[in-house]
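One letter stands for each residue in the lines below.
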Amino acid sequence: MYTPMDLDAVLALWDEPVDDRADPAADFRRFYADPVPVNGTPMTADDLVARARALQVAFADRRTELVHRVETASRLVIGFYMHVRHVGPYVTPLGRVEATGRQLKIRVNDILAVEAGKITDIWVMSDDVDLMRQLGQL
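Residues numbered from 1 in each chain as written. Predicted model: local features only at pLDDT ≥ 70, side-chain atom pairs only at ≥ 80, totals over all residues. Heavy atoms only, no water.

Comments concerning the pattern of salt bridges
A complete count under the given rule lists 10 salt bridges for this structure. Here aspartate 15 and arginine 62 are joined by a salt bridge, their closest N and O atoms 2.5 Å apart. A residue pair is termed long-range when its members are at least 10 positions apart, and aspartate 15 in helix α1 (residues 7–15) and arginine 62 in strand β3 (residues 59–71) qualify at 47 residues. Note on aspartate 15: relative accessible area 25%, which makes it partly exposed. Glutamate 71 is the salt-bridge partner of arginine 69, the closest N and O atoms lying 2.6 Å from each other. Residue class for glutamate 71 comes out partly exposed when judged on its relative accessible area of 27%. Here the salt bridges share partners, and the residues they tie into one network are Glu16, Arg21 and Asp27. (Salt bridge = Lys/Arg side-chain N within 4 Å of Asp/Glu carboxyl O. Helix = DSSP H or I, 4+ residues; strand = E, 2+ residues; numbered from the N terminus. Buried < 20%, exposed > 50% of the residue type's maximum accessible area, 1.4 Å probe, protein only.)

Below, the structure written as C-alpha cells:
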C-alpha cells in the first residue's frame, strides 16, 4: 500500500540543526535508504548528516519555500527555494566562498525515488550560476 512521503519531516532533517538531534544518522535512516545514491554517488546516512551539517555551518536562518510537489507511488518531485543567510564557508563547484552575510534565495529541484516509504535515489538540480551571482562570484 502506498503511503505519501512526510515531506515536512524530511525537510526538517535539513532545516533543523543536526547537532541538536540525539542520533541524526538514525533520523536520516528513517526516511532515506542507507546508502542512497545522490546524483549517482552512493551516500551513507553519516554522509547525509555531514552534508546537512556543512550546509548549516554555511547558511543560517534556513527556510524552505515549496513551489511544486508532484507525487506518484514511486516518485516525489519537488521544486523549492532555500532562503538562507550566508554565515560560513561554502564549497561550490567553483571553489570555497567565505561568509558574505548575504541573504540568498537558492532555487533547487529534487527528484526522489521512493520505495516502502524511504527515499532510494535522489537527483538534485540547483541553480549554481544564480547562487554564484548572489554570492558575488560572477
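Looking at α1
For α1, the buried fraction is high: 7 of the 9 residues fall into the buried class. Taken as a whole, α1 has its buried residues at Leu7, Ala9, Val10, Leu11, Ala12, Leu13 and Trp14. Against α2 (24–29), α3 (45–58), β3, β4 (75–86) and β8 (118–126) lie the buried residues of α1. (Contact = heavy atoms within 4.5 Å.)

Topic: the nonpolar core
Membership of the largest hydrophobic core comes to 40 residues, with the highest contact counts inside it found for Phe28 and Tyr32. Sorting the residues of this core by element identifies α1, α2, β1 (36–38), α3, β4, β7 (103–115), β8 and α4 (128–134) as the ones contributing at least two each. Not counting residues within four places of it along the chain, the set of residues in contact with tyrosine 32 comprises Val10, Leu13, Trp14, Leu48, Lys118, Ile119 and Ile122. (Core = buried A, V, L, I, M, F, W, Y, C linked by side-chain atoms within 4.5 Å.)

A short note on the packing of aromatic side chains
Under the defined criterion, the tally for this structure stands at 3 aromatic pairs. Considering the side-chain rings of tryptophan 14 and phenylalanine 28, the 5.2 Å spacing of their centres and the 90° angle between planes classify their relative orientation as edge-to-face. Here tryptophan 14 is found in helix α1, whereas its partner phenylalanine 28 is found in helix α2, with 14 residues between them in sequence. Here the aromatic cluster, defined as three or more aromatic residues joined through ring pairs, consists of Trp14, Phe28 and Tyr32. Taking the ring centre of tyrosine 81 as reference, the NZ or CZ of lysine 105 above it sits at 4.3 Å. (Phe/Tyr/Trp six-rings, centres within 6.5 Å; stacked < 30°, edge-to-face > 60°. Lys NZ or Arg CZ within 6 Å of the ring centre and 35° of its normal.)

As far as function goes, none of this settles anything; it's purely spatial.
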